[in-house]
Amino acid sequence: MEIDEQIRRYKDRLRIFLILLLFSAEITNGESEQHAKVFRGETRIQKIDFLLRYPDYLSYELLILAEKEKTHQSKIKHIVKTIFKSREPELKKLEMERFFFGAYEDIDDTISFLKSVGFIDFRSKRRTDMKAIEKTYFITKYALDKSENKLSGFNSFKWYIERCELIKEYFGDLSGTQLKAMQYEIEEYKETILKTYIKDVQEQVRIKYEEVYGEPLL
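Below, the structure is looked at part by part. (Residues numbered from 1 in each chain as written. Predicted model: local features only at pLDDT ≥ 70, side-chain atom pairs only at ≥ 80, totals over all residues. Heavy atoms only, no water.)

1. Re the sheet that holds strand 5 (residues 120-126)
Hydrogen bonds between backbone groups are what pair the strands of a sheet, and the pairing can be parallel or antiparallel. Pairing is antiparallel in the open sheet, where 4 strands are placed in the order 1-2-6-5. The two strands at the open ends of the sheet, each matched to only one other strand, are strand 1 (25-26) and strand 5. Inspection of the sheet shows strand 5 paired to strand 6 (residues 132-140) by 6 bridges, in the antiparallel sense. Among the inter-strand pairings, K125 is bridged to a residue of strand 6, identified as I133. (Pairing = 2+ DSSP bridges. Helix = DSSP H or I, 4+ residues; strand = E, 2+ residues; numbered from the N terminus.)

Structural data, given as structure tokens:
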């Protein structure tokens, strides 16, 4: 296997695991001895992953929020300036294609790997055409024990953890359907041709930033 492909697989596994870990809910009813947290729906994984992989879209969504709720404006101004000053839209972008339901990438191999090492469990139902639906992902107590207080000690994990926490702060309560609808409100996303990579919106972020704050995004 080429080294670039190995790195890509490593990043995919790390990113998807952190999404499942940090956006999942505690299981408090004591029904399972093996599971500690639960995450429902692949759509929600895909839409959170998109915000991780496209810092310019995340910036645009934050500016829309700042435009609606002035109490967020000061903090979001600092966040967006930091993202662009760090050139994240160029350096951190990991492209996704648009499919019928928006940004999507096959994560079956990643989920299978995480299950094989005991980090997650996975359940779904089958439609009459055998397509899996109502996917539910469980973080195991083993994974929680392995990851607690250890992930933050690795510098390569730090950016992903902090970015997940940022997305969770502003959009963590939204369902996959709500996140999908939010992303489809952006013209460049909606107009992307099926099975082609979603275009960046850096220029649109700069325009929106000036509309909200009355000054250019430097």
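2. Describing the environment of Q73
Along the chain, the position of Q73 falls in helix 4 (residues 73-85). Relative accessible area serves as the criterion here: at 17%, Q73 is assigned to the buried category. C-alpha of Q73 to C-alpha of R15: the two residues are 58 residues apart in sequence and 28 Å apart in space. Apart from the residues within four sequence positions on either side, Q73 is in contact with A66, V212 and Y213. (Buried < 20%, exposed > 50% of the residue type's maximum accessible area, 1.4 Å probe, protein only. Contact = heavy atoms within 4.5 Å.)

3. Some points on the pairing of strand 2 (residues 35-40)
Burial of strand 2 is extensive: 5 of the 6 residues sit out of reach of the surface. Both strand 1 and strand 2 contribute to a ladder of 2 bridges, which runs antiparallel. The residue of strand 2 that forms the bridge with A25 is V38. Where strand 2 lies against strand 6, 5 bridges are found, and the strand directions are antiparallel. Pairing of V38 across the sheet is with F138, part of strand 6.

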